[in-house]
Amino acid sequence: MTATLIDGKQISAECRKETAASAEQFVNETGVRPHLAAVLVGDDPASQVYVRNKELACERAGLQSTLHRLPAETTQQELLALVQTLNEDVSVHGILVQLPLPSHLNSTQILDAITPLKDVDAFHPENVGRLLQGRPRFLPCTPAGVMKMLEVSGTETAGRRVTIVGRSDIVGKPMAALLLQKGADATVTICHSRTAEIAEECRRAEILIAAVGIPEFVRGDWVRPGAVIIDVGINRVGDRLAGDVEFAAAAERAAAITPVPGGVGPMTIAMLLQNTLHAARLQHGFVS
Ligand code: NAD
């Protein structure tokens with residue numbers, strides 16, 4: 001392997017340390033501990049692990065976290081009522097509804113019901129709109145984690161060609177919005193399931209970001225020599241996790257690459273903690 005590894009574990013540990021120090025300062029100034037309320041509906045095993053990891057990360061950074069577990073047969077009205085209670089609870093600063101929700105529930109309506117000031121996942125249309133206008137309130141966690149990795153690894157984005165594979169509302173689209181912002185100034189191409197000549201689009205990229213959800217979808221020979229590769233994918237293949245990039249072959253051509261696991265995944269949680277602290281500051285008038 002010739003590429004440098006961009007170590008998400010190490011970078012996220014630094015971020016969490018900074019958040020912990022700032023959170024302690026906030027507690028000293030206000031007497032209030034930043035508080036994340038997580039909502040988990042049903043017993044999807046992967047969701048249980050994700051929520052548990054978020055709770056643990058909160059505890060370690062000195063943030064309060066509360067988990068609301070609801071049975072799989074919870075109705076839309078019951079879930080909306082819980083969101084409303086959390087919106088009105090002044091001791092709660094951030095609200096996270098773990099996705100996916102059981103199929104009988106309307107996720108869009110639930111996410112829209114979270115008050116934008118507590119929307120630490122940055123999914124609410126108001127927060128998405130603000131991001132697109134270049135005045136974000138919360139940065140979407142996974143794309144913000146990617147931006148941090150690019151910054152820490154010394155990867156310049158201004159004027160560079162970035163290809164994002166995947167156009168989801170959680171990763172692909174907000175990733176493009178962040179890279180287009182003034183200050184990031186990248187030239188962005190987004191590929192999706194209907195893109196023609198996707199390999200060629202990838203080969204043009206100086207920075208290639210894969211968020212497809214298909215193991216090793218991006219082949220090693222799609223990588224431009226010297227490119228920086230960010231693999232957002234987390235796919236279970238038998239008893240191991242695989243990314244969306246054919247890692248070994250890509251690492252022979254790239255200048256730098258993120259591993260899976262230990263890449264973007266830990267960054268997402270670190271950014272969620274930052275957003276929870278930011279939400280507490282917003283609600284206590286420290287920032288507007
Ligand atoms: P998604 O299923 O919502 O979106 C996948 C996108 O890939 C779609 O926009 C689709 O157009 C595109 N796509 C699908 N098939 C394609 C094809 N054949 N050619 C080109 N494009 C194609 O997924 P998502 O929520 O964006 O997640 C993507 C991956 O990232 C998953 O593996 C997920 O587990 C992972 N993920 C990781 C983190 C993290 O913290 N690291 C966070 C969110 C998602």
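As the structure is a prediction and not an experimental result, all values here were calculated from the model.

Moving on, we come to helix H2 (residues 45–60). In this model, H2 (16 residues) spans 23 Å end to end at C-alpha, consistent with the 22 Å of a helix rising 1.5 Å per residue. Where H2 is buried, its residues touch strand E2 (35–41), strand E3 (64–70), strand E4 (94–97) and helix H10 (264–283). Directly after H2, the chain includes Gly62, whose backbone phi takes a positive value near 80°.

A word on the domain arrangement of the protein. Here the domain parsing of the protein yields domain 1 (31–116) and domain 2 (141–265). One C-alpha centre belongs to domain 1, the other to domain 2, and the line joining them spans 29 Å.

In this section: the packing of aromatic side chains. Considering all chains together, one arrives at two aromatic pairs under this definition. Considering the side-chain rings of Phe26 and Phe286, the 5.3 Å spacing of their centres and the 55° angle between planes classify their relative orientation as tilted. With Phe26 in helix H1 (residues 8–30) and Phe286 in the segment after H10, the pair connects residues that are 260 residues apart, well separated along the chain. With relative accessibility at 38%, the residue Phe286 sits in the partly exposed group. With centroids separated by 5.5 Å and ring planes inclined at 90°, the aromatic side chains of Phe217 and Trp222 adopt a geometry described as edge-to-face. For Phe217, a relative accessible area of 24% puts it in the partly exposed group.

Bringing the site of the ligand into the picture now. Taken together, 21 residues form the shell around the ligand, and within it Arg167, Ser168, Val232, Ile234 and Thr268 come nearest. Note that a nitrogen atom of the ligand is positioned 3.3 Å from one of the backbone N or O atoms of Ser193. Between the ligand and Ile234, the relevant distance is 3.0 Å, taken from an oxygen atom to a main-chain nitrogen or oxygen of the residue. Coverage of the ligand by the protein chains reaches 71% of its 860 Å² of free accessible surface. With respect to the pocket detection grid, the ligand is positioned in the largest pocket.

As a further point, take the sheet that holds strand E8 (residues 228–231). Reading across the sheet, the six strands line up as E1-E11-E8-E7-E5-E6 and stay open at both edges, with parallel pairing between neighbours. One side of each edge strand has no neighbouring strand; the edge strands of this open sheet are strand E1 (4–5) and strand E6 (187–191). Of the strand pairs in this sheet, E1 and strand E11 (residues 256–257) are connected by two bridges, and their pairing is parallel. Looking at the pairing, Thr4 lines up with Ala256 of E11.

So, on to the confidence of the model for the protein. A residue-level look at the protein finds 100% of positions with pLDDT of 70 or above and a mean pLDDT of 97. Per-element mean pLDDT across the protein ranges from 94 in strand E9 (residues 235–237) up to 99 in strand E7 (residues 207–210).

Here we come to the pattern of salt bridges. Under the definition given, this model contains eleven salt bridges. In this structure, Arg219 and Glu246 form a salt bridge, with 3.2 Å as the shortest nitrogen-oxygen distance. Residue Arg219 is found in the loop between E7 and E8, and its partner Glu246 is found in the loop between strand E10 (240–242) and helix H9 (247–253); the two are separated by 27 residues along the sequence. Because the salt bridges share partners, they merge into one network encompassing Glu200, Arg203 and Asp221.

What follows covers the nonpolar core. Core analysis: the biggest nonpolar cluster contains 52 residues, and Val146, Leu150, Leu179, Ile209, Ile230 and Val232 have the highest contact counts within it. When residues of this core are assigned to their parent elements, the largest contribution, eleven residues, is made by H10. Three or more residues apiece are contributed to this core by two domains, here domain 1 (31–116) and domain 2 (141–265). Apart from residues lying up to four places away in sequence, Val232 is in contact with Thr142, Val146, Val171, Ile209, Ala210, Ala211 and Val264.

What counts, and where the lines are drawn
- Every chain begins its residue count from 1, and numbering advances along the sequence as written.
- For this predicted model, a pLDDT threshold of at least 70 governs which residues receive local features, and a threshold of 80 or more governs which side-chain atom pairs are given and counted, while totals over whole chains, interfaces and linings are taken from all residues.
- Only hydrogens and water are set aside when side-chain values are computed; all heavy atoms of the structure are taken into account.
- Here a strand is any run of E in DSSP of at least two residues, a helix any run of H or I of at least four, and the numbering for each starts at the N terminus.
- For a helix, the expected span equals 1.5 Å multiplied by the number of residues minus one.
- Contacts between residues were defined by any pair of non-hydrogen atoms, one from each residue, lying within 4.5 Å.
- Where each domain starts and ends follows an automatic or database-derived domain assignment.
- Geometry of aromatic contacts follows a simple scheme: Phe, Tyr and Trp rings, the Trp one being its six-membered ring, pair when their centres are within 6.5 Å, and the pair is stacked under 30 degrees between planes, edge-to-face over 60, tilted otherwise.
- In this scheme, a residue with accessible area under 20% of its type's maximum is buried, one over 50% is exposed, and one in between is partly exposed, where area comes from a 1.4 Å probe on protein chains only.
- Neighbouring residues are identified by heavy atoms, a residue being near a molecule or strand if any of them is within 4 Å of it.
- Here a polar contact is taken to be a pair of N or O atoms separated by no more than 3.5 Å, where protein atoms must pair a possible hydrogen donor with a possible acceptor and residues adjacent in sequence count only if both atoms sit in side chains.
- A 1.4 Å probe and the Shrake-Rupley method give the accessible areas. Residues count as covered only by the protein chains that appear here.
- The definitions used throughout rest on a 1 Å grid laid over the protein atoms alone, on which a cavity is an enclosed set of points accommodating a 1.4 Å probe that cannot get out and a pocket is an open set flanked by protein within 12 Å on both sides along at least five of seven lines; lining residues are those having an atom within 4 Å of a point.
- By definition, a pocket or cavity contains a molecule when more than half of the molecule's atoms lie within 2 Å of the pocket's grid points.
- Criterion used throughout: strands pair if DSSP finds at least two bridges between them.
- Values of pLDDT, which run from 0 to 100, indicate the predictor's confidence residue by residue.
- The salt bridge criterion pairs a side-chain nitrogen of Lys or Arg with a carboxyl oxygen of Asp or Glu, the two atoms within 4 Å.
- By nonpolar core is meant a set of buried Ala, Val, Leu, Ile, Met, Phe, Trp, Tyr and Cys residues that side-chain atoms within 4.5 Å join together.

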